[in-house]
Amino acid sequence: MNPYILSTLLFGLGLGTTLTFASSHWLLAWMGLEMNTLAIIPLMAQHHHPRAVEATTKYFLTQATGAAMLLFASTTNAWLTGQWDIQQMSHPLPITLITLALALKVGLAPLHSWLPEVLQGLDLTTGLILSTWQKLAPFALLLQIQPANSALLIALGLASTLVGGWGGLNQTQLRKILAYSSIAHLGWMVLVMQFSPSLTILTLLTYLIMTFSTFLVFKLNNSTNINALATSWAKAPALTSLAPLILLSLGGLPPLTGFMPKWLILQELTKQDLAATATLAALTALLSLYFYLRLSYAMTLTMSPNNTAGTTPWRLPSLQTTMPLAISTTATLLLLPLTPAAIALLAL
């Protein structure tokens, strides 16, 4: 893609998200979300492949549906209450409609079925943008409206953690596995959103770091399915030995970074007398952990039978920049000791 066009599209992505962050009026927030969608569509369709075009079309239709629903709900809110302010939502009908519209835009269950299909049709770089940056603007709106309907959020959160764990069990395509992983993580964030918004932001930040690392590992190995992971020993031995730790951090095992948000969320849910919800969420995390372990096994404990003898690829200089991967991997593995600092920041 032409670098000028690429920079324009990336600028549009950034501007759309920033506009939504900064807006206090529903029309401006809607405009930011639309800019976001329209800026990523050429990036998704840049590889002229039927699967990429299909993924782009599916993405456009779901995002357009979510945006139309959001616009309808905000107009209904203006009609019922006489104002367009995001933080002054009082009527339960538009609040519920907007919550569902934003759930469709980020891919929360049961409105999730577009996400694995779309992610499967994209290359890993665009998939990374879709899994990380594109979640920020809808989450900013969800945090601002503070939905009063707590039962709806808890139902969405539990359904997402369950679907995210269950859906990924039978997958062999890495992008689909990462899509289900994304759905499960979003479920954890939504579960605790009404009780501790700052904890949701912390969970979102750790999710962004861990997903960034995972996508970059797969991109460096040029792997898109589980079988391709078996060749990673020959390509990058040091990275292959760290990759299971990155995946287990995504799964939420101590003493890795991913354990921190899950631990704090379970603690917060228990404080709110939602012990059954916390137990169910913890059990669904085991489902996700299974497919992360499956990826770890495929990557480190299996050898590809068709490796050529002689010069292995790791001896050759890598053409990809590895500094972002090094920084994000360090953050993915080693931030758990900073939990007291995170708790102190949450208390502010």
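This is a predicted model, so every value here is computed, not measured. (Residues numbered from 1 in each chain as written. Predicted model: local features only at pLDDT ≥ 70, side-chain atom pairs only at ≥ 80, totals over all residues. Heavy atoms only, no water.)

Visitor: What is the right way to read the overall build of the chain from this model?
Guide: When its secondary structure is counted, the chain shows 17 helices and zero strands. Computed over the C-alpha atoms, the radius of gyration of the chain is 20 Å, within 12% of the 20 Å expected from 2.2 N^0.38 for a compact globule of 348 residues. For the chain, the C-alpha atoms occupy an extent of roughly 75 × 50 × 35 Å along the three principal directions. For the chain, the proportion of its 348 residues judged to be buried stands at 53%. Relative to all contacts within the chain whose residues are 6 or more apart in sequence, the contacts with residues 24 or more apart total 79%. (Helix = DSSP H or I, 4+ residues; strand = E, 2+ residues; numbered from the N terminus. Rg over C-alpha atoms; globule rule 2.2 N^0.38 Å. Buried < 20%, exposed > 50% of the residue type's maximum accessible area, 1.4 Å probe, protein only. Contact = heavy atoms within 4.5 Å.)

Visitor: Where do I start with the UniProt feature "transmembrane region" (unreviewed entry) in the chain in this structure?
Guide: Mapped onto the present numbering, the UniProt feature "transmembrane region" (unreviewed entry) falls at residues 60-80, 92-115, 151-170, 177-195, 201-221, 233-254, 274-293 and 325-347. As annotated, residues 92-115 comprises 71% helix and 0% strand, and the C-alpha atoms at either end are separated by 28 Å. What you have in residues 233-254 is 82% helix and 0% strand, and the ends, taken at the C-alpha atoms, are 25 Å apart. (UniProt positions renumbered as here; feature names shortened; annotations may be inferred.)

Visitor: Help me understand the pattern of salt bridges, please; the structure alone is not making it clear to me.
Guide: Side chains that differ in charge, positive against negative, can pair when their charged atoms come close. Taken as a whole and judged by the stated rule, the model has three salt bridges. In this structure, E54 and K58 form a salt bridge, with 2.8 Å as the shortest nitrogen-oxygen distance. Of the two residues, E54 and K58 both sit in helix α3 (residues 50-81), four residues apart, roughly one turn of that helix. Overall, the relative accessible area of 41% leaves E54 in the partly exposed class. E117 serves as the salt-bridge partner of K176, at 3.4 Å between the closest nitrogen and oxygen. Of this pair, K176 sits in helix α9 (residues 174-192) while E117 sits in helix α5 (residues 114-120); the two residues are 59 residues apart in sequence, bridging distant segments of the chain. Three or more residues are tied together by salt bridges with common partners; here these are E54, K58, E117 and K176. (Salt bridge = Lys/Arg side-chain N within 4 Å of Asp/Glu carboxyl O.)

Visitor: Just to check I follow, could you spell out the environment of L334 for this structure?
Guide: Structurally, L334 can be placed in helix α16 (residues 323-334). Accessibility expressed as a relative area gives 57% for L334, which makes it exposed. Put simply, L334 and L186 are 148 residues apart on the chain and 22 Å apart in space, counted from C-alpha to C-alpha.

Visitor: Could you clarify how one ought to interpret the domain arrangement of the chain in this entry?
Guide: Interface size, as often reported, equals the accessible area lost upon joining of the parts. Annotation of the chain at the domain level lists domain 1 (1-127) and domain 2 (149-306 + 322-347). Here the C-alpha centroids of domain 1 and domain 2 sit 24 Å apart. Every contact between the two is made by 19 residues of domain 1 and, on the other side, 22 residues of domain 2. Here domain 1 and domain 2 share an interface that buries about 1,800 Å² over both sides, 75% of which is from carbon and sulfur atoms. The largest share of the area that domain 1 buries against domain 2 comes from L108, Q120 and L124, three residues that together contribute 36% of it. Run the count over domain 1 and domain 2 and you get one salt bridge. Here domain 1 is connected to domain 2 by five residue pairs in polar contact (both at pLDDT 80 or more). Of all the secondary-structure elements, those providing two or more residues to the side of domain 1 that touches domain 2 are α4 (92-106), α5 and α6 (124-131). (Domains from an automatic or database assignment. Buried area = accessible area lost by both parts, 1.4 Å probe. Polar contact = N/O pair within 3.5 Å; in protein donor to acceptor, adjacent residues only side chain to side chain.)

Visitor: Any chance you could explain the nonpolar core here in plain terms?
Guide: With 49 residues, the main nonpolar core has I40, Y59, V118, L130, V217, F218 and L295 as its most contacted residues. Structurally, this core is a two-domain feature, drawing no fewer than three residues from each of domain 1 (1-127) and domain 2 (149-306 + 322-347). Apart from residues no more than four positions distant in its own chain, L295 is found in contact with L174, I177, F218, I226, L229 and L247. Counting residues in hydrophobic clusters, the runner-up holds 32 residues, among them I95, L143, M189 and Y207. (Core = buried A, V, L, I, M, F, W, Y, C linked by side-chain atoms within 4.5 Å.)

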